[in-house]
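A look at the structure
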Amino acid sequence: MFTITKDVYFCYGHRLMGHPGKCKHLHGHSVKASITVSASKLNDQGMVCDFADINAIASGYIDQVLDHNLLLHKDDPLVPALEKGGERFILLDEHPTAEFLAQLIFQHVQSQGIQVESVTLWETTSACATYRET
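Glancing now at the overall build of the protein chain. When you go through the protein chain residue by residue, the secondary structure sums to three helices and six strands. Over its C-alpha atoms, taken along the principal directions, the protein chain stretches across nearly 55 × 30 × 25 Å. Counting over 134 residues, the protein chain shows a buried share of 40%. Put simply, 59% of the contacts in the protein chain that link residues at least 6 apart link residues at least 24 apart. Total accessible area on the protein chain is roughly 7,700 Å²; 50% of this is exposed by carbon and sulfur atoms.

Here's what the structure looks like:
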């Protein structure tokens, strides 16, 4: 089995409602998403796939949906104030954790025909969450 990994960087803001610690407050992250792709054999070019293809698919989605956006749970009571202020935000069915964001990126890249092995979202330089399907 061959694997390659492409890193994509972006920033977002969020909060985790009901969290017992400081993550319950609005804050932001500058993150790295490591997208690992696998293949049992190499293509005609001797590659799993082109890094540029992974980058185009992942970065397109990330730039449009996640980057420099405020990610909130759909039940967040801040929504009316953000709407009134004309702020950019996206509502999610789940809490905007690193785990859930890794899953979103995985599912998007996979939906574009790339054989994703896993997505690891580095929320800080020392903490990450990985999503892979079994």
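Moving on, we come to the pairing of strand β5 (residues 116-124). The two faces of the sheet receive side chains in turn, since in a regular strand these alternate between them. Across six bridges, strand β2 (residues 27-39) lies against β5 in antiparallel orientation. Opposite Val37, over in β5, you have Val116 as the bridge partner. Relative to strand β6 (residues 127-131), β5 runs antiparallel, the two sharing five bridges. Across the sheet, residue Val119 finds its bridge partner in β6, namely Tyr131. Hairpin connection from β5 to β6: two residues lie between these consecutive antiparallel strands.

It is worth spelling out the side chain of Thr120 at this point. On the secondary structure map, Thr120 appears in strand β5. Here Thr130 takes part through its side chain, which lies 2.7 Å from a polar atom of the side chain of Thr120. Setting aside residues no more than four positions away along its own chain, Thr120 makes contact with Lys32, Ala33, Ser34, Cys128, Ala129 and Thr130.

Locating His29 in the fold gives a position in strand β2. There is a polar contact of 3.2 Å between the side chain of His29 and the side chain of His14. Ignoring sequence-local partners within four residues, the contact set of His29 consists of Phe10, Cys11, Tyr12, His14 and Glu123.

All right, on to the nonpolar core then. Counting 34 residues, the largest nonpolar core has Phe10, Ile35, Leu66, Ile105 and Leu121 as the members making the most contacts within it. For this core, the secondary structure elements donating two or more residues are β1 (2-14), β2, α1 (51-66), α3 (98-111), β5 and β6. It is α3 that contributes the most residues to this core, eight residues altogether. For Ile105, the residues in contact, after removing those within four places along its chain, are Phe10, Ala33, Ile35, Tyr61, Ile62, Leu66, Val119 and Leu121.

Below, the discussion takes up the packing of α1 against α3. It is the contact of α1 with α3, at a shortest axis distance of 9 Å, that shows an interaxial angle of 130°. Here α1 is positioned oblique relative to α3, judged by the angle of their axes. Read as a crossing pair, α1 and α3 show a hand that is right-handed. Contacts between α1 and α3 involve Ile57, Ala58, Tyr61, Ile62 and Leu66 from the former and Leu101, Leu104, Ile105, His108 and Val109 from the latter.

Cut-offs used in this document
- Residues numbered from 1 in each chain as written.
- Predicted model: local features only at pLDDT ≥ 70, side-chain atom pairs only at ≥ 80, totals over all residues.
- Heavy atoms only, no water.
- Helix = DSSP H or I, 4+ residues; strand = E, 2+ residues; numbered from the N terminus.
- Buried < 20%, exposed > 50% of the residue type's maximum accessible area, 1.4 Å probe, protein only.
- Contact = heavy atoms within 4.5 Å.
- Areas by Shrake-Rupley, 256 points an atom, 1.4 Å probe, with all protein chains shown as cover.
- Pairing = 2+ DSSP bridges.
- Polar contact = N/O pair within 3.5 Å; in protein donor to acceptor, adjacent residues only side chain to side chain.
- Core = buried A, V, L, I, M, F, W, Y, C linked by side-chain atoms within 4.5 Å.
- Axes fitted to C-alpha atoms, helices over the stretch in contact; angles between N-to-C directions.
- Parallel < 35°, antiparallel > 145°, perpendicular 65-115°, else oblique.
- Left-handed = near helix turned anticlockwise from the far one by under 90°.

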